[in-house]
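One-letter residues, chain by chain:
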Amino acid sequence: MLLAMAPKMFFKIKHNNLTSLLGLFLYVFGVASAQLSPDFYNATCPGALPAIENVVRDAVANESRMGASLLRLQFHDCFVNGCDGSVLLDDTPTMKGEKTAPPNNDSLRGFDVIDRIKAEVESLCPGVVSCADIITIAARDSVVALGGPYWTVLLGRRDSTIANFSGTIDIPSPFLNLSGLISAFANKGLSASDLVTLNGAHTVGQTRCTIFRSRIYTEDNIDPSYAASLRAICPASGGDDNLAPLDTETPTVFDNDIYQDMMMEKGILHSDQQFYSGGSTDLQVEGYSDDSEAFAVDFGDAMIKMANISPLIGTSGQIRLNCRKVN
Ligand code: HEM
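Residues numbered from 1 in each chain as written. Predicted model: local features only at pLDDT ≥ 70, side-chain atom pairs only at ≥ 80, totals over all residues. Heavy atoms only, no water.

As annotated in an unreviewed UniProt entry, the protein chain is Peroxidase from Rubroshorea leprosula. We quote the UniProt Subcellular location (unreviewed entry) comment for the protein chain here in full: "Secreted". The UniProt entry for the protein chain carries the following text under Function (unreviewed entry): "Removal of H(2)O(2), oxidation of toxic reductants, biosynthesis and degradation of lignin, suberization, auxin catabolism, response to environmental stresses such as wounding, pathogen attack and oxidative stress. These functions might be dependent on each isozyme/isoform in each plant tissue." (UniProt positions renumbered as here; feature names shortened; annotations may be inferred.)

A. Representation of the pattern of salt bridges in the model. Under the definition given, this model contains 13 salt bridges. Close ionic contact of Asp 90 with Arg 324 constitutes a salt bridge, the shortest N to O distance being 3.3 Å. Here Asp 90, found in the loop between helix 4 (65–78) and helix 5 (111–124), pairs with Arg 324, found in the segment after helix 14 (292–307); they are 234 residues apart in sequence, far enough to count as distant. Between Asp 112 and Arg 324 there is a salt bridge whose closest N-O contact spans 3.2 Å. You can see Asp 112 sitting in helix 5 and its partner Arg 324 sitting in the segment after helix 14, a full 212 residues away along the chain. Judged by relative accessible area, which is 52%, Asp 112 ranks as exposed. (Salt bridge = Lys/Arg side-chain N within 4 Å of Asp/Glu carboxyl O. Helix = DSSP H or I, 4+ residues; strand = E, 2+ residues; numbered from the N terminus. Buried < 20%, exposed > 50% of the residue type's maximum accessible area, 1.4 Å probe, protein only.)

B. Representation of the coordination of the iron atom of the ligand within the structure. A lone protein donor contacts the iron atom of the ligand, and this donor is His 202 (NE2), found at 2.1 Å. Residue placement: His 202 occurs in the loop between helix 8 (192–198) and strand 1 (206–208). (Donors = N, O, S within 2.8 Å, 3.2 Å for Na, K, Ca; no water.)

C. A look at the environment of Tyr 217. Note on placement: Tyr 217 falls in helix 9 (residues 209–218). Its relative accessible area of 34% is what places Tyr 217 among the partly exposed residues. In the structure, Tyr 217 is positioned 19 residues away from Ala 236 in sequence and 7.5 Å away in space, judged by C-alpha atoms. Those residues in contact with Tyr 217 that lie beyond four places of it in its chain are Arg 231, Cys 234, Pro 235 and Ala 236. (Contact = heavy atoms within 4.5 Å.)

What follows is the structure in structure tokens.
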């Protein structure tokens, strides 16, 4: 009995400490976040947030996976040159954008929805709301639309005038082991705990056969019947773009099921299973699998922390009129 309770008790203590530590970190080092603010558009574009929420809600009602795709955009924007909207820039004859880089090519989605949002806010208040801020608001609204937690987004980011194709190397590969995943996040000022929390985003959305093939054919820390069911979707060769859900039970609901999946060796990505593989993050996974509220609170905090990675503020960058191209 005591043994069964131990992980949960440990987790509760750890969670409280982490929350205070996060607060302290943001207070001491939160130079950028100190200049971002939740009411940045209150005077200049009061209709922006409701308009964004409407477009996101419609898009998710039309296709629930779109919520997952919009959530992922924040991660892929913020990990390359900071949260500056660079991921949204199309290629030009003189600049290769990030969209065709390996982590994004044929994989990242949601650009049309961002265009619709941008057109809407431009009609309300031209030249005011940045594409970088739209990404962070759309990510939050997507999670809410899928039944997940609400958090207050900090705003005031500006948009980059360049993209960084080679910078996409900073987005961690799903073939990394735990230590590699932890380093990739540490390089962005995010802790191992933030990593486990943010990876909970895989409670929604889909992945391609080409990404999980080696996991289901060559790895042994996978539930055998789960692997067999995935092999029916993903042949040993061919069918690279066939899709399977990241979360086995509820891929269109933002919940904590993915942590249960990890404990049952049903992580579909090699990286997902790393968080429950006898290493330092096992206890956090157990804690979240058992405490959806703790996961929900931590997830919002970690999304805010990720959205604070090197924003452009003040007079840096610009407010792009079209998120796909520099003004
Ligand atoms: C440990 C680091 C992470 C790795 C290695 C990773 C890797 C991946 C991979 C390989 C896919 C599927 C891509 C495809 O098959 O085309 C994916 C999908 C996804 N990722 Fe991650 N990811 C990580 C962290 C995150 C974070 C931090 C978020 C957001 C907070 C996120 C949100 C998503 C979502 C929502 C999807 C599904 C997207 C859709 O269905 O369109 N991931 N991720």
